[in-house]
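Working through the structure, step by step
The primary structure of each chain is shown beneath.
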Amino acid sequence: MSANPQLHGIILDLPDVVPSATAAAAALGLAERSSVLAGDFFASVPEADLYLLKHVLHDWNDGQGVRILENCRRAMRPGGRVIVIELLLGEMGEPGPAPFMDLNMMVMLPGRERSLSEYRALLKQAGFRLDKSSPIRASMAVIEAVAA
């Protein structure tokens, strides 16, 4: 949003997070072009053109991830997109932080790290088509999807 002054953003988070998210937006000078909503992405998300899920889906199992994505798909305006930013698992034995984070996720949360093909399948289940994937640093990628 800092680089694109025409954008308006909506932050959706749990009620306890709203005050700190509001303060963070103000500190970044984005208070006039953003709003913070209390909510639960398992129930619904606000209507938008673009959904940015950074380090969100890896916290949840496949069923929960599909539910989040389905809620985005239902609320998405025509021509909208979802962008997922996550670590990607590579081939067995491939070095990088993703396998270690995957182990951490399995111990601490119901989620896990996934390969690009696993994200493609998750997106497909939720009514999306993977449009493109772009690596941004070691084991991390930006995955863009559109309505199928």
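For the structure itself, consult the block above.
What this report covers is the structure whose coordinates are included nearby. Remember, predicted model here, so these are calculated numbers, not experimental data.

Before going further, it helps to examine the overall build of the protein. The secondary structure content of the protein amounts to four helices and six strands. Counting helices and strands in the order they occur from the N terminus, the protein gives β-α-β-β-α-β-α-α-β-β. Looking at the protein as a whole, 33% of its 148 residues qualify as buried. For the protein, the proportion of contacts with a sequence separation of at least 24, taken over those separated by at least 6, is 67%. Of the accessible surface of the protein, which amounts to about 8,600 Å², a share of 59% is contributed by carbon and sulfur atoms.

Here we come to the side chain of Glu 113. Mapped onto the secondary structure, Glu 113 falls in the loop between helix 3 (98–108) and helix 4 (116–125). The buried charged residue Glu 113 lacks any salt bridge partner; its closest oppositely charged side chain belongs to Arg 114, at an N-O distance of 6.9 Å. A polar contact is formed between the side chain of Glu 113 and the side chain of His 58, at a distance of 2.7 Å.

Our focus in this paragraph is the sheet that holds strand 3 (residues 48–54). Taken in spatial order, the four strands line up as 3-4-6-5 in an open sheet, and their pairing is mixed. Of all strands in the sheet, those bounded by a partner on one side alone are strand 3 and strand 5 (128–137). On average, adjacent strands in this sheet sit at an angle of 15 degrees to one another, irrespective of strand direction. Bridge analysis of strand 3 against strand 4 (residues 76–87) gives six bridges, and the strand direction is parallel. Residue pairing in the sheet places Tyr 51 in a bridge with Val 82 of strand 4. Strands in contact with helix 4 are strand 4, strand 5 and strand 6 (140–147); relative to strand 5, the strand with the most contacts, it is inclined by about 145 degrees.

We now examine unusual backbone geometry. The bulk of non-glycine residues show a negative phi, and the bulk of peptide bonds are trans. Its identity as a non-glycine residue notwithstanding, His 55 has a phi of 55 degrees, on the positive side. Examined against the element boundaries, His 55 turns out to sit in the loop between strand 3 and helix 2 (62–75).

Before going further, it helps to spend a moment on helix 2. A rise of 1.5 Å per residue sets the reference length of helix 2, with its 14 residues, at 20 Å; its end C-alpha atoms lie 20 Å apart and thus fit the reference within 8%. On its buried face, helix 2 sits against strand 3, strand 4, helix 4 and strand 5. With a side-chain oxygen positioned 3.1 Å from the backbone nitrogen of Gly 63, the residue opening helix 2 is Asn 61.

Rules used throughout
- Residues numbered from 1 in each chain as written.
- Predicted model: local features only at pLDDT ≥ 70, side-chain atom pairs only at ≥ 80, totals over all residues.
- Heavy atoms only, no water.
- Helix = DSSP H or I, 4+ residues; strand = E, 2+ residues; numbered from the N terminus.
- Buried < 20%, exposed > 50% of the residue type's maximum accessible area, 1.4 Å probe, protein only.
- Contact = heavy atoms within 4.5 Å.
- Areas by Shrake-Rupley, 256 points an atom, 1.4 Å probe, with all protein chains shown as cover.
- Lys, Arg positive; Asp, Glu negative; His and termini not counted.
- Salt bridge = Lys/Arg side-chain N within 4 Å of Asp/Glu carboxyl O.
- Polar contact = N/O pair within 3.5 Å; in protein donor to acceptor, adjacent residues only side chain to side chain.
- Pairing = 2+ DSSP bridges.
- Axes fitted to C-alpha atoms, helices over the stretch in contact; angles between N-to-C directions.
- Expected span 1.5 Å × (residues − 1).

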